[in-house]
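Structural overview for review
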Amino acid sequence: MRSPKVITAVLLYLVGLMLAAANLWFTAARSTIPIALDGVISSTAMGREKHAGLDDVFWIRLGSQPAIQVDEPVYRAVAIGQRLEKPRWSKQLRVGGHTFALTWSQDFRGMIAAMPIVLGIVAATMAAATWNLPQRPGS
Amino acid sequence: MIPTWLDRRLLVATLPALLAGVVFKLFLGHRHDYTGHFLAGYGGTLGLTMFALRVLPAERFGSLSTWSLVPLCILCIGLGAITEATIFRLAKFDEVDFCNQSLGAVLAAAAALAYVGPQKPPQRHFHFGLIAAIAFLGAGGCFAFA
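Residues numbered from 1 in each chain as written. Chains lettered and ligands numbered in written order. Predicted model: local features only at pLDDT ≥ 70, side-chain atom pairs only at ≥ 80, totals over all residues.

1. Comments concerning the overall build of chain B
Rules: Helix numbering and strand numbering both begin at the N terminus, where a helix is a DSSP run of H or I of at least 4 residues and a strand a DSSP run of E of at least 2. In this treatment the radius of gyration is a C-alpha quantity, and the globule benchmark scales as 2.2 Å times the residue count to the 0.38 power. With C-beta atoms placed from the backbone, the exposure class of a residue follows from how many other C-beta atoms lie within 10 Å of its own: 20 or more, buried; 12 or fewer, exposed; in between, partly exposed. By definition, residues are in contact whenever their C-beta atoms, placed on the basis of the backbone, come within 7 Å of each other.
In terms of helices and strands, chain B carries six helices and zero strands. Ordered by position from N to C terminus, the α and β elements of chain B give α-α-α-α-α-α. For chain B, the C-alpha radius of gyration of 15 Å lies close to 15 Å, the compact-globule estimate for 146 residues. Reported as C-alpha extents along the three principal axes, the dimensions of chain B are approximately 50 × 35 × 20 Å. Here chain B, with 146 residues, has 52% of them falling under the buried criterion. Residue pairs at least 24 apart in sequence account for 81% of intrachain contacts in chain B once pairs closer than 6 positions are excluded.

Printed below as a string of structure tokens:
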């Protein structure tokens with residue numbers, strides 16, 4: 001019965017790997033560093049989550065494109081009617097005639113450290129759970 | 001002398017999740033809700049898994065228990081997506097909250113590997129696992145909304 005456990009563990013680990021990668025992508029994308037921007041801001045918006053001031057959500061919309069979620073410093077640095085330009089992976093955001101320096105958020109820096117450790121814990125848990133130890137009577 | 005209720009299964013069902021919770025607090029402590037979603041996803045999935053394994057007939061346990069873990073995990077991830085999109089949707093469906101609670105679900109299914117196999121463990125193991133699950137779910141709720 002070892003093989004089904006190994007197959008199950010591999011499938012679960014792949015799901016965990018995708019979720020950890022998604023965590024990194026979503027928190028990175030909100031800085032706008034990994035994405036290209038080119039357009040005029042048509043609207044901005046802020047939404048309240050569970051803890052006002054801590055987990056607020058910020059959006060900007062370029063022209064008629066779908067709104068994108070951004071970190072608060074990006075939201076604060078731009079205004080409706082301004083043109084935004086930047087290539088992918090650039091940390092320089094052109095806002096109108098000025099340049100705004102982009103930085104990775106605390107969320108992303110936390111995820112970069114936490115996700116590999118959490119994946120390590122998942123792997124160690126699988127190893128401990130599938131390890132065949134002699135059983136105690138009644139176990 | 002180790003008490004009889006403290007066996008390897010219960011240790012696997014509690015210690016890694018506690019450690020992962022500490023990692024979340026350590027590196028993402030500015031967002032209690034991330035820790036909360038992770039622990040709630042863990043507790044909810046562990047609880048459902050313990051219940052499902054508990055009611056599985058002993059004669060079919062060997063053939064079904066291991067293969068049930070991935071579908072149960074996917075089911076819990078789906079239920080988490082529905083709750084995040086409905087009752088917990090405030091400003092938006094938060095993708096990071098969803099990923100964190102789903103990572104908790106994956107860790108719970110990984111821990112449940114200690115409970116499956118050819119022989120069905122005594123019922124008390126599932127009961128202790130369920131109690132641990134409720135504790136993690138409660139802790140997750142506290143972190144998410146505190």
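2. A few points about the nonpolar core
Note the cut-off: In this usage, the nonpolar core is the set of buried Ala, Val, Leu, Ile, Met, Phe, Trp, Tyr and Cys residues whose C-beta atoms join them within 7 Å.
By size, the foremost hydrophobic cluster in this structure holds 58 residues, and its most contacted members are Ala110(B) and Ala111(B). Contributing elements (two or more residues each) for this core: helix 1 (2-29) and helix 3 (106-130) of chain A together with helix 1 (8-28), helix 2 (32-55), helix 4 (69-85), helix 5 (95-112) and helix 6 (123-145) of chain B. Residues within four places of Ala110(B) in sequence aside, it is in contact with Ala9(A), Leu12(A), Val122(A), Thr125(A), Met126(A) and Ala129(A).

3. So, the confidence of the model for chain B
Operational definition: Residue-level confidence of the predictor, termed pLDDT, takes values from 0 up to 100.
When the pLDDT values of chain B are averaged, the result is 93; 96% of them are 70 or greater. In the predicted complex, the global pTM is 0.93; the interface-specific ipTM is 0.94.

4. Topic: helix 3 of chain A
Selection criterion: Expected helix span is taken as 1.5 Å per residue step, with the number of steps being one fewer than the number of residues. What the bend at a residue measures is the angle between two axes, fitted to the seven residues ending there and to the seven starting there.
Compared with the 36 Å implied by 1.5 Å per residue over 25 residues, the 36 Å span of helix 3 of chain A between its first and last C-alpha is a close match. The axis of helix 3 of chain A is deflected most strongly, by about 30°, at Ala114(A), and proline Pro116(A) appears within four residues downstream.

5. Some remarks on the interface of chain A and chain B
Where we set the bar: Under the convention adopted here, Pro, Cys and the residues Ala, Val, Leu, Ile, Met, Phe, Trp and Tyr are nonpolar, Asp, Glu, Lys and Arg are charged, and Gly plus all remaining residues are polar.
With 39 residues of chain A in contact, the opposing surface of chain B contributes 40 residues. Among the elements that make up the side of chain A that touches chain B, the one with the highest residue count is helix 3 of chain A (15 residues). Residue composition of the side of chain A that touches chain B, grouped by class: 22 nonpolar, 11 polar and six charged.

6. A few points about the packing of helix 2 of chain B against helix 5 of chain B
Residues and elements named next belong to chain B. Basically, it comes down to this: Only C-alpha atoms enter the line fits that serve as axes; for helices the fit covers just the stretch in contact. Angles between N-to-C directions range over 0 to 180 degrees. For classification purposes, angles smaller than 35 degrees are called roughly parallel, those larger than 145 roughly antiparallel, those between 65 and 115 roughly perpendicular, and all remaining angles oblique. Two helices crossing with the near one rotated counterclockwise from the far one by less than a right angle form a left-handed crossing, whereas a clockwise rotation gives a right-handed crossing.
Interhelical geometry of helix 2 versus helix 5 gives an angle of 40° and a closest axis separation of 7 Å. By the angle between their axes, helix 2 is oblique relative to helix 5. Considering how the two elements wind past one another, helix 2 and helix 5 form a crossing that is right-handed. Taken together, the residues of the contact of helix 2 with helix 5 sort by class into 14 nonpolar, eight polar and two charged.

7. Some points on unusual backbone geometry
All names here are of chain A. Phi is positive for threonine 32, close to 70°, though the residue is something other than glycine. One can find threonine 32 in the loop between helix 1 and strand 1 (37-47). We classify threonine 32 as buried; it has 23 C-beta atoms within 10 Å. The phi angle at tryptophan 89 is positive, at roughly 65°, despite the residue not being glycine. In this fold, tryptophan 89 is placed in the loop between strand 4 (83-86) and strand 5 (92-95).

8. A look at the pairing of strand 2 (residues 57-62) of chain A
Residue and element names in this part refer to chain A. Condition: At least two bridges found by DSSP between two strands are what make those strands a pair.
Bridging between strand 1 and strand 2 involves six bridges; their strand directions are antiparallel. By the bridge assignment, methionine 46 is partnered in strand 2 with phenylalanine 58. Alignment of strand 2 against strand 3 (residues 68-70), held across three bridges, turns out to be antiparallel. Residue pairing for strand 3: phenylalanine 58 is matched across the bridge by valine 70. In textbook terms, the turn of a hairpin is the stretch between consecutive antiparallel strands, and for strand 2 and strand 3 this stretch comprises five residues, one of which, glycine 63, has a positive phi near 55°.

9. Observations regarding the environment of Gly96(A)
All names here are of chain A. If you trace the backbone, glycine 96 turns up in the loop between strand 5 and strand 6 (98-101). When the 15 C-beta atoms within 10 Å are taken as the criterion, glycine 96 is described as partly exposed. In this structure, the C-alpha to C-alpha distance between glycine 96 and glutamine 82, residues 14 residues apart in sequence, is 5.3 Å. Ignoring any residue separated from it by four or fewer positions in sequence, one finds glycine 96 in contact with Gln82 and Arg83.

10. A word on helix 6 of chain B
Residue and element names in this part refer to chain B. Taking 1.5 Å per residue as the helical rise, helix 6 with its 23 residues ought to reach 33 Å, and the 33 Å between its terminal C-alpha atoms agrees with that figure. His125, Phe126, Gly129, Leu130, Ala132, Ala133, Phe136, Leu137, Gly140, Phe143 and Ala144 are the residues of helix 6 that are buried. In the core, the buried residues of helix 6 are packed alongside helix 1 and helix 2.

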